Amino acid sequence: MEKDKKGRVCVDPARGAMSLSVWAEEWLDRRVVGEATRRNYEGFVRNHLVPRLGRKPLAGLARRDFERFVQDIYRGGAGLAASTVNDRMVMVAAIMEAAVVDKRITENPARGIRISRRDVVAVDEDAVPTPAEVDLIAAHITPPFRLAVYLQAGTGQRPSEALAFSNECRRSGFVRIRWQVSAKAHREDCQTPFVPLKHRLEKECQDIPTALFVEQEIDAHLRRWKPVPVAFAGQKGKRIRLETFFAPRQPGAGVMPSIASYGYQFKKACLLAGLVDLDGKAKYTPRSLRHFFASTALANGVPIHEVSRWLGHRSVKTTVDIYGHLLPSAWERCREILQRSMRPLPPDVTSLPSEEASSGVGNRAV
């Protein structure tokens with residue numbers, strides 16, 4: 001190791017010529033982490049990091065590369081929440097920090113790269129299906145997945161959570177979810193097809209109220225298909241048995257349903273139902289049903305902190321950033337409340353005059 005005239009550490013250029021994909025693989029091989037964490041790391045590296053930056057040499061990566069990377073995967077339709085991207089970027093920063101320690105690069109260009117709250121994308125109202133469109137998707141999707149559509153639309157579950165639905169989830173007037181389908185559940189050698197919920201420990205769960213139509217859809221599903229017992233090992237080795245609703249039922253199938261298979265059938269259902277955009281592509285994704293649940297609840301006065309808890313967000317700030325603009329306007333209500341408190345209106349006046357008619361004001365102050 002040598003230093004230049006300014007005292008900065010210099011490295012052998014040959015050591016920095018290793019590609020990020022090769023270095024990330026070596027880094028993952030050396031990690032001692034839980035199986036679920038390893039799956040998350042490997043999935044992010046394989047599906048996002050390597051396709052975009054994997055070919056670049058370690059020494060050729062700059063901070064702007066990682067800044068562009070997080071924006072691309074967050075805004076580019078990858079379906080990852082800001083909190084998920086930020087969690088994975090901690091791993092990416094660790095990968096690059098290890099390269100600094102190994103004297104392959106002098107500085108860590110990924111350190112501190114994250115999605116800030118000002119960058120969080122609020123849900124587009126056009127990305128939220130109407131109740132009639134939800135019914136259309138359910139009517140056109142392959143029958144075994146019909147219930148998954150209504151579990152998402154009616155309780156806001158993520159696709160991986162809805163596909164892990166089991167007998168133990170059903171309670172009187174609500175569902176209690178504790179598991180989600182593992183990213184590797186479709187592999188025959190997978191020993192843990194179910195893993196704890198996002199941001200939750202194995203012993204933790206979420207309770208979500210259920211409308212009557214959700215319970216009716218559960219009953220209809222059970223009339224056609226009996227639950228399938230699945231035994232697996234929990235994180236601490238304890239054997240767990242679930243009576244699952246979405247285990248495979250076709251002859252010869254020996255794998256659990258994957259998010260990919262549900263996503264494919266969902267897209268197909270949108271196309272069959274004519275729910276397409278100007279390019280002829282599916283107008284909605286499974287995440288759109290989660291948006292339907294949240295936006296419908298909030299627009300009808302359900303407290304946002306309750307919706308946040310049911311969605312399983314780590315913080316209510318996440319819910320506000322994504323759905324806050326869909327809350328009913330409190331403008332007029334605030335005016336009337338303050339007026340009643342300070343200067344009650346005469347009995348023959350039922351409401352305050354509109355802004356346009358009062359004091360010549362035509363526009364709301366901003």
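See the structure above.
Since we're looking at a predicted model, the values are computed, not measured.

Remarks on helix H4 (residues 82-101)
Right, on to step 1. Compared with the 28 Å implied by 1.5 Å per residue over 20 residues, the 28 Å span of H4 between its first and last C-alpha is a close match.
Right, on to step 2. With 15 of its 20 residues buried, H4 lies for the most part within the structure.
Right, on to step 3. Positive backbone phi, approximately 60 degrees, marks Lys103, located one or two places after H4.

Comments concerning the sheet that holds strand E3 (residues 170-171)
Right, on to step 1. Reading across from one edge, E3-E4-E7 is the order of the 3 strands in this open sheet, with antiparallel pairing throughout. The open sheet is flanked by E3 and strand E7 (206-209), the only strands paired with a single partner.
Right, on to step 2. Judged from the 2 bridges that link them, E3 and strand E4 (residues 174-177) form a sheet pairing that is antiparallel. Within E4, the residue paired with Arg170 across the bridge is Val175.

Notes on the packing of helix H2 (residues 35-53) against helix H3 (residues 63-75)
Right, on to step 1. In the contact formed by H2 and H3, the axes pass within 11 Å of each other and the chain directions differ by 125 degrees. Compared by their axis directions, H2 and H3 come out oblique. At the point where H2 passes H3, the crossing takes the right-handed sense. Contacts between H2 and H3 pair Phe44, His48, Leu49, Arg52 and Leu53 from the former with Asp65, Phe66, Phe69, Asp72 and Ile73 from the latter.

Here we look at the nonpolar core
Right, on to step 1. Counting residues in hydrophobic clusters, the biggest one holds 56 residues, and the most contacted among them are Phe194, Phe246 and Tyr262.
Right, on to step 2. Not counting the four nearest positions on each side in its chain, Phe246 is found in contact with Pro144, Phe145, Leu147, Ala148, Leu151, Ala162, Leu163, Phe165, His221 and Pro257.
Right, on to step 3. In terms of nonpolar packing, the next biggest core, distinct from the first, is built from 33 residues, Leu28, Leu61, Phe66 and Ala110 among them.

A look at the packing of aromatic side chains
Right, on to step 1. Under the definition given, this model contains 9 aromatic pairs.
Right, on to step 2. Residues Phe145 and Tyr262 carry aromatic rings whose centres are separated by 5.3 Å and whose planes lie at 55 degrees to one another, so their mutual orientation is tilted. With Phe145 in the loop between helix H5 (131-140) and helix H6 (146-155) and Tyr262 in helix H9 (residues 259-273), the pair connects residues that are 117 residues apart, well separated along the chain. Taken individually, Phe145 and Tyr262 each receive the classification buried, so the pair is uniform in this respect.
Right, on to step 3. Residues Tyr262 and Phe266 carry aromatic rings whose centres are separated by 6.1 Å and whose planes lie at 75 degrees to one another, so their mutual orientation is edge-to-face. Of the two residues, Tyr262 and Phe266 both sit in helix H9, 4 residues apart, roughly one turn of that helix.
Right, on to step 4. Of the residues examined, Tyr262 reaches a relative accessible area of 0% and is grouped as buried.
Right, on to step 5. The ring of Trp23 has Arg30 lying over it, and the distance from NZ or CZ to the ring centre is 5.1 Å.

Focus: the packing of H2 against H4
Right, on to step 1. One way to put it is that H2 packs onto H4 with a least axis distance of 11 Å and a crossing angle of 85 degrees. Taken together, the axes of H2 and H4 lie roughly perpendicular to each other. Facing H2, whose interface residues are Asn40, Tyr41, Phe44, Val45 and Leu49, H4 presents Arg88, Met91, Val92 and Ile95.
Right, on to step 2. Tallied by class, the residues present in the contact of H2 with H4 amount to 7 nonpolar, 1 polar and 1 charged.

What counts, and at which threshold
Residues numbered from 1 in each chain as written. Predicted model: local features only at pLDDT ≥ 70, side-chain atom pairs only at ≥ 80, totals over all residues. Heavy atoms only, no water. Helix = DSSP H or I, 4+ residues; strand = E, 2+ residues; numbered from the N terminus. Expected span 1.5 Å × (residues − 1). Buried < 20%, exposed > 50% of the residue type's maximum accessible area, 1.4 Å probe, protein only. Pairing = 2+ DSSP bridges. Axes fitted to C-alpha atoms, helices over the stretch in contact; angles between N-to-C directions. Parallel < 35°, antiparallel > 145°, perpendicular 65-115°, else oblique. Left-handed = near helix turned anticlockwise from the far one by under 90°. Contact = heavy atoms within 4.5 Å. Core = buried A, V, L, I, M, F, W, Y, C linked by side-chain atoms within 4.5 Å. Phe/Tyr/Trp six-rings, centres within 6.5 Å; stacked < 30°, edge-to-face > 60°. Lys NZ or Arg CZ within 6 Å of the ring centre and 35° of its normal. Nonpolar A, V, L, I, M, F, W, Y, C, P; charged D, E, K, R; others polar.

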